[in-house]
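These are the residues of each chain, in order.
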Amino acid sequence: MKLKLACLLLSGLLAQMAARAQAPAKPKEVSAAVMQKVYEEVKTPYKYGLVLVTDDNQRKMDCPSVFRKGNKWYMTYIIYDGRGYETWLAQSKDLLKWETKGKIMAFTDTTDWDTNQKAGYVALQDYKWGGSYEWQQYQGKYWMSYFGGRSRGYEKGLLSIGIASTDKDPTTVHPWQRLPQPVLRPDDKDVRWWENHTIYKSSIIWDKSKLTGHPFVMYYNANGDSLDAKRGAERIGMAVSDDMVHWSRYLKNPVLNHHKGITGDAYLQKLDGIDKDLWVMFYFGAFYPGVKGAVNRFACSYDLVNWTDWSGQNLVEPSEPYDELFAHKSFVVKHKGVVYHYYCAVNKPDQRGIAVATSKDLGKSKVTFIAPPEKKKKEAKASTN
């Protein structure tokens, strides 16, 4: 009897040990002290001002992505002109004065799924904070993710995520090759509850350590709700790939969610200088409690999945005539000890351009929006005399 009881106790103990071994490890939390150090490292209190604007009030500029090649810097950005989005390229020698080079993803008058919308973003960039910021090649190609669609108008119709690539120099203006079909759609069979209406911007890192079990990790924001697909909040979720062509959703729920308004446009960098294996996600928040207008913020993680949201001051927020409506959509780089925080600046007349804030006072930009469109005067009432 005693032997049998001992065997039962041992069996139970072994079962408990096995269960603990199989249970997922509790994710490492990012401490408040580390979060504060990140804020002190990345903050940019000095607004240099606008660096790129359009010459036509019908065109709106948005979503900067900055990379480096040789001794020059380059920026991809998107322009909406009333028909849809196209992707453009600019260059700079000093990160402050920018010159437009031309269009790299344009409208196509075809029956393609993305004929009227091609909003592209740099993928697989060197993510080291203060690093090279080079656009890395995979299989001899440079890669972009983009959201595309067939419908005309401002983010109209079915929008999905596509993948484009080129084996040519990405600093030259030329058409990029696009996969024939999107890789993520809001009407896929495995679509999640939070993304079943519209999928927007995406950002892809090349995680060679494979924290998720896959080398390529995409963060993207989408709108949806299981109860009301057209009015749900916008949230950030994940997808993974082993070849940049075939993508699968990684989780059932978003990784960053404020339940109302917009949480979007994730962009990642790794800040090992603050803490080992520390990732920072720059993103923008809008229209949820505690946020006024549209502002840029950040969150931190050690595993790319569990994120600690910063609860302190915004990184960039409306404060100037050129960004008094929205100051949002981050792209942040550190070069020679100076942090440059690029963002989309929107004024009250709804003119949109690219601005930058810095960690050091570098003066003020001379770039300004053109004169805003004149407001239409209300027709005078007919005289009763």
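The structure presented is a predicted model; accordingly, all values stated were derived computationally and were not measured.

(A) How the structure looks around the overall build of the protein chain. For the protein chain, the helix and strand inventory stands at 2 helices and 20 strands. Out of the 385 residues belonging to the protein chain, those deemed buried represent 52%. The long-range fraction of contacts in the protein chain, counting pairs at least 24 apart against all pairs at least 6 apart in sequence, stands at 57%. Element-wise, carbon and sulfur atoms account for 52% of the exposed surface of the protein chain, whose accessible area totals about 19000 Å².

(B) Main features of the side chain of Thr212. Among the secondary structure elements, Thr212 is positioned in the loop between strand 10 (198-206) and strand 11 (216-223). The contact partners of Thr212, leaving out residues within four places of it in the chain, are Asp207, Val217, Met238, Val240 and Tyr250.

(C) Up close: the sheet that holds strand 5 (residues 98-105). Strand order in this open sheet of 4 strands is 2-3-4-5, and the pairing throughout is antiparallel. Strands with a single pairing partner mark the edges of an open sheet, and in this sheet they are strand 2 (60-69) and strand 5. On average, each strand axis in the sheet is inclined to that of its neighbour by 25°, with strand direction left out of account.

(D) Highlighting helix 2 (residues 32-42). Inspection of helix 2 places Val34, Met35, Val38, Tyr39 and Val42 among the buried residues, and these make up the whole buried set. Take helix 2 and look down its axis: the buried residues cluster within an arc of 145°, on one side only. Contact partners of the buried residues in helix 2: strand 15 (279-286), strand 16 (294-301), strand 17 (308-309) and strand 19 (338-346).

(E) Inspection of unusual backbone geometry at higher detail. Non-glycine residue Glu155 carries a positive phi angle of around 50°. Tracing the backbone through its elements, the reader meets Glu155 in the loop between strand 7 (142-149) and strand 8 (159-166). The exposure class assigned to Glu155 is partly exposed, which follows from its relative accessible area of 22%.

(F) Representation of the sheet that holds strand 9 (residues 177-178). Ordered in space as 6-7-8-9, the 4 strands form an open sheet in which the pairing is antiparallel. With partners counted over all chains shown, the strands left at the sheet margins are strand 6 (117-122) and strand 9, one partner each. One ladder, built from 8 bridges, connects strand 7 with strand 8; its direction is antiparallel. Its bridge partner being in strand 8, Ser145 is matched across the sheet by Ile163.

(G) Summary view of the nonpolar core. Core analysis: the largest hydrophobic core is formed by 41 residues, its most contacted members being Val38, Trp98, Phe282, Phe298 and Tyr342. Here the element with the most residues in this core is helix 2; it accounts for 5 residues. Sequence-distant contacts of Val38, that is, excluding residues within four places in its chain, are made with Leu271, Ile274, Leu278, Val280, Phe298 and Cys300. The next biggest cluster of nonpolar side chains, apart from the first, holds 20 residues, and it includes Val217, Val255, Leu268 and Met281.

(H) Broad picture of the pattern of salt bridges. Evaluation of the coordinates by the stated rule reveals 20 salt bridges. Across the pair Arg352 and Asp350 runs a salt bridge, and its minimum N-O distance is 3.7 Å. Classification of Asp350 as partly exposed rests on a relative accessible area of 29%.

What counts and how
Per chain, residue numbering runs from 1 following the sequence as it is written. Local features are withheld for residues below a pLDDT of 70 in this predicted model, meaning they are given only at 70 or higher, and side-chain atom pairs are given and counted only at 80 or more; totals for whole chains, interfaces and linings count all residues. The basis for the side-chain values is all heavy atoms of the structure; hydrogens and waters are excluded. Here a helix means four or more residues in a row that DSSP labels H or I, a strand means two or more in a row labelled E, and each is numbered from the N terminus. Classification of residues uses two cut-offs on accessible area relative to the type maximum, computed with a 1.4 Å probe and protein chains only: under 20% is buried, over 50% is exposed, and between them is partly exposed. The contact definition used throughout considers only heavy atoms, calling two residues in contact when any of these lie within 4.5 Å. Per-residue and other accessible areas were derived by the Shrake-Rupley procedure at a 1.4 Å probe size, with only the shown protein chains allowed to occlude residues. Strand pairing follows a simple DSSP-based rule, namely that at least 2 bridges must link the two strands. The axes are straight lines fitted to the C-alpha atoms, using for helices just the contacting stretch, and the angles between their N-to-C directions are given from 0 to 180°. The directions considered for the arc are those from the helix axis to the C-beta atoms. To form a nonpolar core, buried Ala, Val, Leu, Ile, Met, Phe, Trp, Tyr and Cys residues must be joined to one another through side-chain atoms within 4.5 Å. In the sections that follow, a salt bridge refers to a side-chain nitrogen of Lys or Arg positioned within 4 Å of a carboxyl oxygen of Asp or Glu.

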